Protein chains: 2
Amino acid sequence: MNDLTIGALAKSAGVGVETVRYYQRRGLLSPNGARKGAFRVYDNDELARLRFIRRAQSLGFSLDEVGDLLALDEETDRERARAFALSKIADVESRIRQLEEMRSALQGLVTCCEHTEAPAPCPILHALANAAEPPPAPRGKAGARSARQTP
Amino acid sequence: MNDLTIGALAKSAGVGVETVRYYQRRGLLSPNGARKGAFRVYDNDELARLRFIRRAQSLGFSLDEVGDLLALDEETDRERARAFALSKIADVESRIRQLEEMRSALQGLVTCCEHTEAPAPCPILHALANAAEPPPAPRGKAGARSARQTP
DNA sequence: GTTGACTCCGTACTCGGGTACTGGGTCTAG
DNA sequence: CTAGACCCAGTACCCGAGTACGGAGTCAAC
């Protein structure tokens, strides 16, 4: 009855086999379960759990947080789940604010560039080289590598 | 005249000594320069360069990109610098959009939670467990570890 | 009865931006 | 002259979320 091998499970959830194993190592999915012969088989509950993980992740939860989320009880932990979501919203909002600051600083440089006559030295590089303020700590870990598309 | 040891340089720019060395390894700062006895000394130009790096970083450029930026010539590369800034703006904006999507999804869950009567199972966990759509690939690498504050 | 696709398990590597540690050498103030 | 603070060079390690690889076992189809 709807037994999936790890490969079929992974495919149904749109992830790679290695990812499933990785989640098992992280304790998000159980590595021990039903076996058919030598191979582990997975049921629909495990598929649902795997999908849960991916959905929560796409909402900005880290895998550690997903673990906490999975430990909550749908019946008795409403408060906690809501608090969790609210704090994640605050989190996301503060990241948005940081990015907006970056954007407007960059915008300012570009605008300034557009209002300078041709044979002058580049105002952008110039501004970067001699900014007025003491250099702020870097903020937006620029690498936000776009999500994996099950490559 | 105004010779700084690596420690003084680092302090003036608000970074750690190890960070300066790291930038040297990455080729953003030159590891060979004037020496006073056994110790390398740095001048104001190198301090300016180091500050440039941090400023560019705070605008969302990666260290690789900072390297490209440093290779531009203030006199002759205005076009390139502007194009660089514009593409970085596009980049930042797309990250903002992703985060806004996350926020509204989370917002939706919380709102739904507020409109549900007390003894029902948690609608947030429930939604996570049985969402309508196939799970999208994760987007916003949730870890946005808050920027280093020269610890 | 063999081919080819899949699974198991373990370890190691990736990326970006650093931090930490080790075992020296050197410089400077008291 | 010695203590303590600083520097040098190299290597190893951290985080988060996977990806890659290798050798061996297994399963289904032809």
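In this text the structure is predicted, and so the values were computed from the model without any measurement.

## Looking at the packing of aromatic side chains
All names here are of chain A.
Item 1. Per the counting criterion, the structure on display carries four aromatic pairs over all chains.
Item 2. With centroids separated by 5.6 Å and ring planes inclined at 85°, the aromatic side chains of F61 and F84 adopt a geometry described as edge-to-face. Placement of the pair is F61 in the loop between α3 (44–58) and α4 (63–71) and F84 in helix α5 (residues 78–114), with a sequence separation of 23 residues. Both residues of the pair, F61 and F84, belong to the buried class.
Item 3. Between R40 and the ring centre of Y42, over which it is positioned, the NZ or CZ distance is 4.2 Å.

## Re the pattern of salt bridges
Item 1. As enumerated under the stated definition, the model contains 14 salt bridges over all chains in all.
Item 2. The closest approach of N and O atoms between E65(A) and K88(A), which form a salt bridge, is 2.9 Å. Taken together, the residues span a long stretch of sequence, with E65(A) in helix α4 and K88(A) in helix α5 at a distance of 23 residues.
Item 3. For E93(B), the salt bridge is made with R103(A), and the minimal N-O distance between the two is 3.6 Å.

## Considerations on the packing of helix α3 (residues 44–58) of chain B against helix α4 (residues 63–71) of chain B
Residue and element names in this part refer to chain B.
Item 1. As a packed pair, α3 and α4 sit with axes 10 Å apart at the nearest point and diverge in direction by 125°. When the interaxial angle is binned, α3 and α4 end up oblique. Considering the relative orientation of α3 and α4, their crossing is right-handed. Counting all contacts with α3, which are made through R49, F52, I53, A56 and Q57, the residues of α4 involved are L63, V66, L69 and L70.
Item 2. For the contact of α3 with α4, the residue count by class is seven nonpolar, one polar and one charged.

Definitions and cut-offs
Residues numbered from 1 in each chain as written. Chains lettered and ligands numbered in written order. Predicted model: local features only at pLDDT ≥ 70, side-chain atom pairs only at ≥ 80, totals over all residues. Heavy atoms only, no water. Phe/Tyr/Trp six-rings, centres within 6.5 Å; stacked < 30°, edge-to-face > 60°. Helix = DSSP H or I, 4+ residues; strand = E, 2+ residues; numbered from the N terminus. Buried < 20%, exposed > 50% of the residue type's maximum accessible area, 1.4 Å probe, protein only. Lys NZ or Arg CZ within 6 Å of the ring centre and 35° of its normal. Salt bridge = Lys/Arg side-chain N within 4 Å of Asp/Glu carboxyl O. Axes fitted to C-alpha atoms, helices over the stretch in contact; angles between N-to-C directions. Parallel < 35°, antiparallel > 145°, perpendicular 65-115°, else oblique. Left-handed = near helix turned anticlockwise from the far one by under 90°. Contact = heavy atoms within 4.5 Å. Nonpolar A, V, L, I, M, F, W, Y, C, P; charged D, E, K, R; others polar.

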